[in-house]
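Breakdown of the fold
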Amino acid sequence: MKVLVAGASGFVGARLSPALEAAGHSVRAMTRRPAGYRGVGEAVAGDVGDPASLRTALAGCEVAFYLVHSLGDADFEQRDADGAAAFGRAAADEGVARIVYLGGLGSGEDDLSAHLRSRHEVEELLGEAGVPVTTLRAGIIVGHGGISWEMTRQLVEHLPAMICPRWVRTRTQPIAVADVVRYLVGVLDVPATAGRAFDIGGPEVLEYLTMMRRVAAIEGRKMLVLPVPLLTPSLSSRWLSLVTDVDVATGRSLIDSMSNEVVVRDDSIRELVPFSPMDYDDAVLVALGERARAARAAVGG
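So, how was this worked out
Residues numbered from 1 in each chain as written. Predicted model: local features only at pLDDT ≥ 70, side-chain atom pairs only at ≥ 80, totals over all residues. Heavy atoms only, no water. Helix = DSSP H or I, 4+ residues; strand = E, 2+ residues; numbered from the N terminus. Buried < 20%, exposed > 50% of the residue type's maximum accessible area, 1.4 Å probe, protein only. Areas by Shrake-Rupley, 256 points an atom, 1.4 Å probe, with all protein chains shown as cover. Salt bridge = Lys/Arg side-chain N within 4 Å of Asp/Glu carboxyl O. Pairing = 2+ DSSP bridges. Axes fitted to C-alpha atoms, helices over the stretch in contact; angles between N-to-C directions. Parallel < 35°, antiparallel > 145°, perpendicular 65-115°, else oblique. Left-handed = near helix turned anticlockwise from the far one by under 90°. Contact = heavy atoms within 4.5 Å. Core = buried A, V, L, I, M, F, W, Y, C linked by side-chain atoms within 4.5 Å. Phe/Tyr/Trp six-rings, centres within 6.5 Å; stacked < 30°, edge-to-face > 60°. Lys NZ or Arg CZ within 6 Å of the ring centre and 35° of its normal.

Each helix and strand counted, the protein has 11 helices and 13 strands in total. Within the span of the protein, comprising 301 residues, buried residues form 51% of the whole. Within the structure as shown, the protein displays about 13200 Å² of accessible surface, and the carbon and sulfur contribution to it stands at 51%.

Once that is clear, we can look at the pattern of salt bridges. Note on pairing: side chains with opposite charge can pair once their charged atoms come close. Evaluated as defined, the whole model comprises 10 salt bridges. For Glu290, the salt bridge identified is with Arg15, shortest N-O distance 3.2 Å. Taken as a pair, Glu290 in helix α11 (residues 280-298) and Arg15 in helix α1 (residues 13-22) lie far apart in primary sequence, 275 residues in all. What makes Glu290 buried here is its relative accessible area of 18%. Connected through shared salt-bridge partners, Arg55, Asp93 and Glu94 make up one network.

Here the focus is the sheet that holds strand β2 (residues 26-31). An order of β3-β2-β1-β4-β5-β6-β11 is seen for the seven strands of this open sheet, with the pairing classed as parallel. The strands lining the two open edges of the sheet, one partner per strand, are β3 (42-45) and β11 (197-199). The mean angle between the axes of side-by-side strands here comes to 20°, regardless of whether they run parallel or antiparallel. Pairing between strand β1 (residues 2-6) and β2: five bridges, direction parallel. The partner of Ala6 across the bridge, within β2, is Met30.

This brings us to the pairing of strand β6 (residues 133-138). Buried residues dominate β6, accounting for six of its six residues. Of the two faces of β6, the one lined by Val133, Thr135 and Arg137 and the one lined by Thr134, Leu136 and Ala138 are each fully buried. Pairing of strand β5 (residues 98-104) with β6, which is carried by six bridges, proceeds in the parallel orientation. In the strand pairing of β6, Ile99 is matched with Val133.

Another point: the environment of Ala23. Mapped onto the elements of the fold, Ala23 is located in the loop between α1 and β2. Once the C-alpha coordinates of Ala23 and Gly186 are considered, the two residues, 163 residues apart in sequence, prove to be 9.4 Å apart.

With that settled, consider the packing of helix α2 (residues 51-58) against helix α3 (residues 76-93). Across the interface, α2 lies against α3 with an axial gap of 9 Å and an inter-helix angle of 40°. Judged by the angle between their axes, α2 and α3 are oblique. Here α2 runs over α3; the crossing is right-handed. Residue-level contacts link Pro51, Leu54, Arg55 and Leu58 of α2 to Ala86, Phe87, Ala90, Ala91 and Asp93 of α3.

Bringing the nonpolar core into the picture now. If you look at the biggest cluster of nonpolar residues, it comprises 32 residues, and the most contacted ones within it are Val12, Leu16, Leu20, Phe65, Leu102, Leu136 and Ile200. At the level of elements, β1, α1, β2, β4 (63-66), β5, β6 and α6 (177-186) are the ones that each hand at least two residues to this core. Take this core: its biggest share by element is six residues, from α6. With residues up to four places along the chain from it excluded, the contact list for Phe65 reads Val3, Leu4, Val5, Ala6, Leu16, Leu20, Val100, Leu184 and Leu188. Listed in part, the 26 residues of the second largest apolar core include Val142, Met151, Leu155 and Val168.

All told, the structure shown has three aromatic pairs when counted by the stated rule. Where Tyr66 meets Phe87, the ring centres are 4.8 Å apart and the plane angle is 55°; that geometry is what we call tilted. Of the two residues, Tyr66 sits in strand β4 while Phe87 sits in helix α3, which places them 21 residues apart along the sequence. Plain terms: the ring middles of Tyr183 and Phe275 are 4.6 Å apart, the flat faces sit at 45° to each other, and that makes the pair tilted. A residue pair is termed long-range when its members are at least 10 positions apart, and Tyr183 in helix α6 and Phe275 in the loop between α10 (269-272) and α11 qualify at 92 residues. For Phe275, a relative accessible area of 11% gives the class buried. Chaining the aromatic ring pairs together yields one cluster made of Tyr66, Phe87 and Tyr101. Above the ring of Phe275, the side-chain terminus of Arg182 is found at 4.0 Å from the ring centroid.

These values are about where atoms sit, not about what they do.
And the structure:
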């Protein structure tokens, strides 16, 4: 198929495009700066904030992957809503057969954070113009460069002792970025996935605290955690910005989401795209290996 990847330069998109090409698809990489794009696929200019640019980017494509979000912006909910609606309309105008979207875990019946509510709203807006949408909903994605993973790693590496709010006891179901990509590519071969939403996750349900302790154990570090139940989201986000490279706005959105349990409630995707996702420790080892290789490449070694 001829496929467009919106967000081709991002954490997941940069891995998805090579996988799509390896699977035999023709990849068009949508980016705001095509002249500077160095990834896989034909670079094409496009910006979800500029609806006029989207029809040209989508022209002739059978499937479009939507991997765009504005988490670090103060008005990210409105920006993401406007971008998704514009993308869905342009896809319908250009006769795109399907949109594949990577969203967030969490049930609409829960009291979701603004971040997770926005992810669910984007699902709906992408399909409003009539193009079937396949949504894969994930929690924390483990891989070098992923915001949630980098926050976890940096907390472990920068703080041998830390005070933590009650969200460290929230359960989540982390998944390796390589497995996310396998699901994204895999749904293209299964017509039954069109127009449906699926939960995706690794084989383990873990508390955030357990995740940090296992990273510390893998790295041979000792970590002392002192729970502070009354530490507010605002203070937590400022604390994160001091000890990690996550900015305050992004940190606040992530922390707000960490009050929601995000686990797989429907694993039907496992029958449609069958494989065994890697466990958390293996995903961590791969992510740390990716980081080490990137560091060596940066110094030319």
